[in-house]
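Coordinates in review
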Amino acid sequence: MALEAPTTSSFYSPWPDRLRHSAIVLLAAAFALTVVVVLGELSLLRASAIFVCIAAAALVPWRLHNAVASREDVRNVNPVETAAVSAVVAGMPDPAVLLDRAGRVLHLNAAAAQLAPALRKNELAQFALRSPEIISALREAIATSETRRATYLDHVPVDRWLELVVTPVPVPTLFGGTDKCMLMTFHDQTPLRRVEEMRADFVANASHELRTPLAALSGFIDTLQGPAKDDAKARERFLGIMHAQATRMARLIDDLLSLSRVELSAHVRPDTMVDIVPIIRQVVDGLEPLARERQVTVDTDLPETQVVIAGDREELLRLFENLVENALKYGASGGKIEVSLTLALSGDDTPEARVIVRDFGPGIAPEHLPRLTERFYRVDVGDSRAQGGTGLGLSLVKHIVNRHRGRLLIESVLKKGATFTACFPQAKVPPGL
Ligand code: ADP
């Protein structure tokens, strides 16, 4: 099952190297002794005796090799069992395994042992890894002396994608030469894969969301140009629907652009000092017509004094608008919502401002709570669309809160309503407002 049966000559250091070293030592000794004899400092007999001793010392590596090579368990002897090589493999941050040219494990670090517990020293790696893709990558790397890559899939405790790189490396042996070994390293590609999947999902969702109103629009245009051409009543009704669909598309594009803007600046914390009390008031006032339409009372409990945070005014307007609008739309059956602002200490004793939007509607089932801030995630797609929702509101809220280095908490009890709390660290510097 070995990839390539190691021969004794390829397994150990090359003979010509040792031969050259010994020959140089012997030649130097012979020359020095000849000079001493010619100068009359030493008798020929003594010089010969000294030469024999030097020759014996120069031949020690040969004898050592022969002694090891003749042992029956020669295959279990690790020719690159040096502390340095072992330390390098152990110190690699990613899982790493050093194999001999037969594919046997010479060294492996703790990360590799944890990733693939079946890998054992002195055993063939392909027995532990088994994947045909990995075995052929190893085989090719050995045959061509070139780097080869393969994918390693791990399913426990969660799905992970790792790129396995097999790099041929010459490793110094005990006997003074080098041996061609294979260094296998594993690089976790899971975050990249997830981002790629999210990107693909996002494009698919966004296109789908745009295509639906677009299809409705072009359908009504056809009807108005054809069968309903001279029907004034139908025209009025269709134009109303077309207007609603166009508004929906505009809103979706608006949300998409806001989301991408916030994402682009996610790493830059806003540095303008803003008082959030008037921002919340402006949002509540602006949504009064919606509250009236839904017959919902809005109770506000805001401090009289300024509450200053480092923030982006436009983004904060958007954030509170989304939370209050959701409460009015989805929690309307509760008949009232509460919007309040309190000051408190966070877990690490940082003073923070907490904006709480609470409704008394149907609430949200616990299984939906962790996913609410995902893009396009809705508890009830039909309900969201009927309310003119895009499924991006809470995702935007979360991104804005994150950019402000805050926290978003969502709590809900079914049939009793939902509470959304946006917490922001309070600014230390008093505002120049
Ligand atoms: P949408 O544009 O659909 O409102 P959001 O991201 O703002 O998107 O909200 C995602 C989903 O969360 C909504 O579709 C709705 O199902 C649910 N939701 C949000 N706020 C509430 C709330 N106050 N009460 C009940 N469900 C809510």
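In the block above lies the structure referred to throughout.
In this report, we go over the structure that sits alongside the text. (Residues numbered from 1 in each chain as written. Predicted model: local features only at pLDDT ≥ 70, side-chain atom pairs only at ≥ 80, totals over all residues. Heavy atoms only, no water.)

Here we look at the nonpolar core
For clarity, the cut-off: Throughout, nonpolar core names a set of buried Ala, Val, Leu, Ile, Met, Phe, Trp, Tyr and Cys residues whose side chains join them through atoms within 4.5 Å. Classification of residues uses two cut-offs on accessible area relative to the type maximum, computed with a 1.4 Å probe and protein chains only: under 20% is buried, over 50% is exposed, and between them is partly exposed. Numbering of helices and strands runs from the N terminus; a helix is a DSSP stretch of H or I covering at least four residues, while a strand is a stretch of E covering at least two. Where a domain begins and ends is set by an automatic assignment or by a domain database. Between two residues, a contact is recorded if the distance between any of their heavy atoms is within 4.5 Å.
With 49 residues, the main nonpolar core has Ile276, Leu316, Leu319, Phe320 and Leu341 as its most contacted residues. For this core, the elements supplying multiple residues, two or more each, are helix 10 (232-264), helix 11 (276-286), helix 12 (288-294), helix 13 (313-330), strand 9 (336-345), strand 10 (351-359), helix 15 (393-403) and strand 12 (417-425). When residues of this core are assigned to their parent elements, the largest contribution, 8 residues, is made by helix 13. The two domains that each donate at least three residues to this core are domain 3 (191-264) and domain 4 (269-433). Ignoring sequence-local partners within four residues, the contact set of Phe320 consists of Ile279, Ile280, Val283, Val355 and Phe424.

Section: the sheet that holds strand 10
What counts here: Two strands make a pair as long as DSSP finds a minimum of two bridges between them. Between N-to-C directions, angles span 0 to 180 degrees; the directions come from axes that are lines fitted to C-alpha atoms, helices contributing only their stretch in contact.
Taken together, 5 strands build an open sheet; the order of strands is 7-9-10-12-11 and the sheet is mixed. Strands at the two margins of the open sheet, each flanked by one partner only, are strand 7 (297-301) and strand 11 (407-413). Strand-to-strand twist across the sheet, computed as the mean angle between neighbouring axes with direction ignored, equals 15 degrees. One ladder, built from 7 bridges, connects strand 10 with strand 12; its direction is antiparallel. Note on strand 12: the bridge partner recorded for Ile356 is Thr421. Packed on one face of the sheet, helix 11 meets strand 7, strand 9 and strand 10 and runs near 170 degrees to strand 9.

Focus on helix 13
Convention followed: For a helix, the expected span equals 1.5 Å multiplied by the residue count minus one. For the purposes of these results, a polar contact is taken to be a pair of N or O atoms within 3.5 Å, where, inside protein, one atom must be able to donate a hydrogen and its partner to accept one; residues adjacent in sequence count only when each atom of the pair is a side-chain atom.
Relative to the 26 Å expected for 18 residues at 1.5 Å per residue, helix 13 spans 26 Å between its end C-alpha atoms, a close match to the ideal helical length. Burial within helix 13 is extensive, with 13 of its 18 residues counted as buried. Where helix 13 begins, one side-chain oxygen reaches toward the backbone nitrogen of Glu314, 3.1 Å away; that side chain belongs to Asp312.

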